[in-house]
Each structure stands twice: as C-alpha cells, then as structure tokens.
Amino acid sequence: MVKDQTRGCQTKWDDIRCWRGAPVGQVVRVSCANVSQISTCFLGYVYRNCTRKGWSEPYPSYEEACVFAGDPESGSETTTYFSNFRQVYTAGYATSLVALISAICVFTVCRKFHCTRNYIHINLFSSFILRASAVFIKDGVLFSDENLDHCFMSTISCKSVVAFFQFSILANYFWLLVEGMYLQTLLALTFVSQTKYFWWYILIGWGFPTTIIMAWILTRHFYDDNGCWDDTDVVFIWWIIKGPITASLLVNFLIFMNVIRILVQKLKSPGVGGNDTSNFMRLAKSTLFLIPLLGMHYMVFAFLPENTGAEARIFIELGLGSFQGFVVALLYCFLNGEVSPSFIIKLSM
C-alpha cells in the first residue's frame, strides 16, 4: 500500500535519530544530545524538511552539526565515528570503574581512612560508579539491536533505564558540588567539627537528585510520554535536569575561584617561605588537583551557545568525562598523602 505523503511525513528512524511525524511544509529540528546519547548538553541541531515527496535529507549532516567530520573518502563516516567514539568512552568508563571500586575498598578496609572527608569521597566515587554503570546499561538496553526501530520503542524497562541514567548524572554533579561545599566549609570554619554537616551533604548529594528526577519522570509521563524518554527536544522538560546541573557547576566555579583567591593571598603573605617560582608551582599544583574534584573542565562550555566548538565540547564532555572517575580515584585515594583537601587547607593556613 502506498502512503499518501501529501498528508505529511511519517515517523521515521534513520538508525541514528527518530524523526516524529510532521505535516508537509514543516521544518523539524532535533538536538545532537540524542545522537551522542551520553552527553548532558546540546552540541548542535540537525534539521529535515517535510515535503510532498517525504523527508528531505538531514542538514547539516550529523558529522557537521554534532561532531567533527570523518574521513571524506569513507563511505560510512557517521557509522565509523560513532563506533570509534563508543570505544573511547567505553574504555574510559571501564578504567574508571576498576579504579573507583578499588578506591572504595581501600577507604573501607583501612580504618585510618575513616573520616568525614573520605566518607564524602566514597559517596563521590559511588556516584561515578553509578554514572559509568548507567552508560553501559543504557547502551545494552537501547542499542544492543541495531535493527530496532527506536521511534516505536516505548517500554517501561527502557524508560526506567533512561531515568536511572539521568539520576546518575544528577547525583554525580551534586556530589561534585558537595566536595566543593565541604572544601569551602573547611576554609571558612576551620575549628568546627564537620561530622554534624555530613547528613546535610547526604541530603544534597542523593536527596536533591532524587527529588529532581521524580519531577522529571512525572513531567515526562504527563506531558511528553514518547519513546524511551531519551530525547531532549521539549526544552522546558530538559531544563528540569539541565538547570540544576548548570546551577551546581556555577556554585562550584565560585567556590573554586574563592579557594584560588585564598591560596594566592596566603602565598603572598610574608610568613610563607619560598620564592615566587616555588609559590607559583604550589598554586598551580593545588589548582590542577581541584579541577577534576570540582568538575571545572565542564565550565569551559557550560554557558556558551550549544553549537560552539562542537569538536572540543564533545572531547571534554565525553572523552575527558569518561576518565574523570579514574583521575579522581587516583588523586584522592591512591595518592592521598599529598593531594587530599587537607593538603590544600594546610597550604592556605
């Protein structure tokens, strides 16, 4: 039976993105966040026109809009890129999982590491483990069958997987925020016991993400219950998740700048020994230690237009992001003697 294209374009899965049905003459826009599948921000947009002959070709191409273009001589640039891209972040998250689980074992088994600071580290490591696990689970459920039509895939299991994925991202960002808040509290309230604040940190790190994801689930269910909830085309729904993430990054950035300000002041004071070169190296070292702990590498593109620097954005967001858990475990567990927050506090005193 021949479909009457004059009535509009039918819903179509193009092996990368689902294009919902549209009337003739309408231009449909989709976000690249749905192409990368594990990004927490938009990288650009792809458009298609609904004509009387059916859907037009996507413009710009996925390679141009969402990632940097592949080899022009290759006949399958998009497929090759996404395959290589998945291998990179799979290796990154796998490496992070091993390091993070080992770090938690070290903190748990060794009694000398039982303190508020390391309890917070354990929760941060757990959030990284959840994030890495969620990526693997999501890939396994949503992309195990290459012939699956995602436009009509709308099961409770796939929606649950996506909801768990979004929760793990929220929890990870909020535990990065807790690390920043803890460091700021140490600097501001040096002689106050931090134990009484620990349950507030738990509430922020796990409670806030739970509340946000419940609001997102209810909004998706009642206002945009399409597919597996892995699209971000309804902006106000996407901002339920993106808004708190952006706010947490902003607060951590302010904390980061304040810590650097305090360190600069202390290093310039007459009581601090060393020459300018040694003081600069101490400051640089402290700054580099704080970047992965507070997620400052995400700030590079946090407030820029979504299509700015697609190649660099995807490298930072996904390439570096997948290895962040490994770096944090390495610095704050296996090299704990020199690079714990107590080292920064000691330097600032």
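Residues numbered from 1 in each chain as written. Predicted model: local features only at pLDDT ≥ 70, side-chain atom pairs only at ≥ 80, totals over all residues. Heavy atoms only, no water.

Student: Could you clarify how one ought to interpret the overall build of the protein chain in this entry?
Tutor: For the protein chain, the count of helices and strands is 11 helices and 5 strands. Taken across its 349 residues, the protein chain has 51% of its residues classed as buried. Sequence separation of 24 or more characterises 68% of the internal contacts of the protein chain that already satisfy a separation of 6 or more. (Helix = DSSP H or I, 4+ residues; strand = E, 2+ residues; numbered from the N terminus. Buried < 20%, exposed > 50% of the residue type's maximum accessible area, 1.4 Å probe, protein only. Contact = heavy atoms within 4.5 Å.)

Student: What should I look at first to understand a nonpolar patch on the surface in this one?
Tutor: There is a patch of nonpolar side chains on the surface, built from Val-88, Phe-323, Phe-326, Val-327, Leu-330, Phe-334 and Leu-335 and spanning about 530 Å² of accessible area. Counting residues per element, the nonpolar patch draws most heavily on helix α9 (residues 310-334), at 5 residues. Its location among the elements puts Val-327 in helix α9. (Patch = residues over 30% accessible without salt bridge, like charges linked within 9 Å, V, L, I, M, F, W, Y side chains within 5 Å. Areas by Shrake-Rupley, 256 points an atom, 1.4 Å probe, with all protein chains shown as cover. Salt bridge = Lys/Arg side-chain N within 4 Å of Asp/Glu carboxyl O.)

Student: Would you mind showing me how to read the state of the cysteines here?
Tutor: In the structure shown here, the tally under the stated rule is 2 disulfides. What pairs with Cys-9 in a disulfide is Cys-50, and their sulfur atoms sit 2.2 Å apart. Handedness here is read from the sign of the S-S torsion; for Cys-9 and Cys-50, about 105°, the answer is right-handed. Here Cys-9 is found in the segment before β1 (12-13), whereas its partner Cys-50 is found in strand β4 (residues 45-51), with 41 residues between them in sequence. Grouping residues by exposure puts Cys-9 and Cys-50 together as buried. Between Cys-158 and Cys-228 runs a disulfide, and the two sulfur atoms are separated by 1.9 Å. Sign of the S-S torsion, about -95° for the bond between Cys-158 and Cys-228, identifies this disulfide as left-handed. In this pair, Cys-158 is assigned in helix α5 (residues 156-188) and Cys-228 in the loop between α6 (198-223) and α7 (235-268), connecting sequence segments 70 residues apart. (Disulfide = S-S within 2.5 Å.)

Student: Which parts of the structure should I look at to understand the sheet that holds strand β5 (residues 54-55)?
Tutor: One key point about sheets: their strands pair by backbone hydrogen bonds, in either a parallel or an antiparallel sense. Pairing is antiparallel in the open sheet, where 3 strands are placed in the order β3-β4-β5. Of all strands in the sheet, those with a lone pairing partner are β3 (27-31) and β5, marking the two edges. (Pairing = 2+ DSSP bridges.)

Student: How do you make sense of the UniProt feature "transmembrane region" (unreviewed entry) in the protein chain when you look at a structure like this?
Tutor: In the numbering used here, UniProt assigns the "transmembrane region" (unreviewed entry) feature to residues 91-110, 161-178, 198-217, 237-263, 283-302 and 314-335. Taken end to end, residues 237-263 is 100% helix and 0% strand, and its first and last C-alpha atoms sit 40 Å apart. (UniProt positions renumbered as here; feature names shortened; annotations may be inferred.)

Student: I keep staring at the packing of aromatic side chains and nothing clicks. Help me out?
Tutor: Each aromatic ring pair is described using two quantities: the centre-to-centre distance and the angle formed by the ring planes. Evaluated as defined, the whole model comprises 12 aromatic pairs. Ring centres of Tyr-93 and Phe-136 lie 6.5 Å apart, and the angle between their planes is 85°; this geometry places the pair in the edge-to-face category. Placement of the pair is Tyr-93 in helix α3 (residues 77-109) and Phe-136 in helix α4 (residues 116-142), with a sequence separation of 43 residues. Judged by relative accessible area, Tyr-93 falls into the buried class, the value being 3%. The exposure class of Phe-136 is partly exposed, given its relative accessible area of 28%. A cation over a ring is seen here: Arg-48 above Trp-19, with NZ or CZ 5.3 Å from the ring centre. (Phe/Tyr/Trp six-rings, centres within 6.5 Å; stacked < 30°, edge-to-face > 60°. Lys NZ or Arg CZ within 6 Å of the ring centre and 35° of its normal.)

Student: Would you mind going over the side chain of Thr-185 with me for this structure?
Tutor: Here Thr-185 is to be found in helix α5. Looking at Thr-185, its side chain comes within polar contact range of the main-chain oxygen of Met-181, at 2.7 Å. Side-chain polar atoms of Thr-185 contact the side chain of Tyr-201, separated by 3.5 Å. (Polar contact = N/O pair within 3.5 Å; in protein donor to acceptor, adjacent residues only side chain to side chain.)

Student: Could you clarify how one ought to interpret the pattern of salt bridges in this entry?
Tutor: Any two side chains of opposite charge can pair, on the condition that their charged atoms come close. The tally for this structure, following the rule as stated, stands at 2 salt bridges. Asp-225 is paired through a salt bridge with Lys-159; the nearest N and O atoms lie 2.6 Å apart. Here Lys-159 lies in helix α5 and Asp-225 lies in the loop between α6 and α7, a separation of 66 residues in the sequence. Ionic pairing is found between Arg-220 and Asp-224, a salt bridge with its closest N-O pair at 3.1 Å. A relative accessible area of 2% means that Arg-220 is categorised as buried.

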